[in-house]
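Here is how the chains run, residue by residue.
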Amino acid sequence: VQLQASGGGLVPAGGSLTLSCVASGDIFRINDMAWYRQAPGNQRELVAQITRGGNTDYADSAKGRFIISRDNAKNSVYLQMDNLKPEDTAVYYCHGNIMVSRNYEFEYWGQGTLVTVSS
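What comes next concerns the included structure. Keep in mind that what you see is a predicted model, and the values were worked out from it rather than measured. Residue numbers restart at each chain and count upward from 1, following the sequence in its written direction. Only residues with pLDDT of at least 70 are given local features in this predicted model, and only at 80 or more are side-chain atom pairs given and counted; all residues enter the totals for whole chains, interfaces and linings. To get the side-chain values, take all heavy atoms of the structure and skip hydrogens and water.

Description of unusual backbone geometry
Here comes step 1: The backbone of Asn 75 sits at a positive phi, close to 50°, despite the residue not being glycine.
Here comes step 2: Where helices and strands are cited, they refer to DSSP runs of H or I of at least four residues and of E of at least two residues respectively, numbered from the N terminus. Residue placement: Asn 75 occurs in the loop between strand E7 (66–71) and strand E8 (76–81).
Here comes step 3: Of note, the phi angle at Asn 83 is positive, near 50°, even though the residue is not glycine.
Here comes step 4: Take Asn 83: it is sitting in the loop between E8 and strand E9 (90–99).

Right, dumping it as structure tokens:
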């Protein structure tokens, strides 16, 4: 199983980006999915998460600006980011709790995509 993230880039403050992440491989079912980020010198932190049924939760820093969504048919999760701030600059990682069979679930990470917000 692999998670492939894309959509990062350089954007001015106040701008928008949408990140995408698609899971591939021998997948039985994808449960919770999430986006994390890690800025230089900082620990990786949760940005937003979404259950298979679509329930969402956000870090306080993301509330009102970011929207997480998913397409179960496409094994994909998205992060729409609006009103970006320089402090949002980080490498963003997608994460999934993925069942590879009826009895086994594992955690998987994407490779990360860099988001840089200029002031």
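Here's the deal with the environment of Ser 20
Here comes step 1: Along the chain, the position of Ser 20 falls in strand E3 (residues 17–24).
Here comes step 2: Once the C-alpha coordinates of Ser 20 and Ser 6 are considered, the two residues, 14 residues apart in sequence, prove to be 5.3 Å apart.
Here comes step 3: In this structure Ser 20 touches Gln 4, Ala 5, Ser 6, Trp 35, Val 77 and Tyr 78, once residues within four positions along its chain are discounted. A contact between two residues is defined here by any heavy atoms of the two lying within 4.5 Å.

Some thoughts on the nonpolar core
Soluble, globular proteins show a tendency: their nonpolar side chains are buried together.
Here comes step 1: Ranked by size, the top nonpolar core spans 30 residues in total, and within it Trp 35, Leu 79, Met 81 and Tyr 92 carry the most contacts.
Here comes step 2: Elements represented by at least two residues in this core include exactly strand E1 (2–6), E3, strand E4 (29–38), strand E5 (45–50), E7, E8, E9 and strand E11 (113–118). The set of buried Ala, Val, Leu, Ile, Met, Phe, Trp, Tyr and Cys residues whose side-chain atoms join them within 4.5 Å is what this entry labels a nonpolar core. Note on exposure labels: buried denotes an accessible area under 20% of the residue type's maximum, exposed denotes more than 50%, and partly exposed covers the range between, all computed with a 1.4 Å probe on protein chains only.

Digging into the side chain of Asn 31
Here comes step 1: In this structure, Asn 31 sits in strand E4.
Here comes step 2: The buried category is assigned to Asn 31, whose relative accessible area is 14%.
Here comes step 3: Leave out the neighbours within four places in its chain, and Asn 31 touches Ile 50, Arg 52, Arg 70, Asn 97, Met 99 and Glu 105.

A look at the pairing of E4
Here comes step 1: At least two bridges found by DSSP between two strands are what make those strands a pair. Where E4 meets E9, eight bridges bridge the pair, whose relative direction is antiparallel. Residue pairing across strands places Trp 35 opposite Cys 94, the latter belonging to E9.
Here comes step 2: Note: E4 against E5, five bridges, orientation antiparallel. What sits directly across from Met 33, in E5, is Ile 50.
Here comes step 3: Between E4 and E5, which pair antiparallel one after the other, the connecting turn spans six residues, and Gly 41 there sits at a positive phi close to 80°.

What about the packing of aromatic side chains?
Here comes step 1: Within 6.5 Å between ring centres, the rings of Phe, Tyr and Trp (the latter by its six-membered ring) count as paired, and their orientation is classed by plane angle as stacked under 30 degrees, edge-to-face over 60, tilted in between. By the definition in use, this model includes one aromatic pair.
Here comes step 2: In this arrangement the basic side chain of Arg 44 is found over the ring face of Tyr 93, its NZ or CZ atom lying 3.7 Å from the centre.
Here comes step 3: Charge-over-ring placement is defined geometrically: NZ (Lys) or CZ (Arg) within 6 Å of the ring centre, and within 35 degrees of the ring normal. Above the ring of Trp 109, the side-chain terminus of Arg 44 is found at 4.6 Å from the ring centroid.

Quick word on the side chain of Asp 88
Here comes step 1: Looking at the element boundaries, Asp 88 is found in the loop between E8 and E9.
Here comes step 2: A residue is classified by how much of its surface remains accessible, and Asp 88, at 0% relative accessible area, is buried.
Here comes step 3: At a separation of 2.7 Å, a polar atom in the side chain of Asp 88 contacts the side chain of Arg 65. Any pair of nitrogen or oxygen atoms within 3.5 Å is treated as a polar contact; in protein, a donor-acceptor pairing is required on top of that, and neighbouring residues in sequence qualify only through side-chain atoms on both sides.

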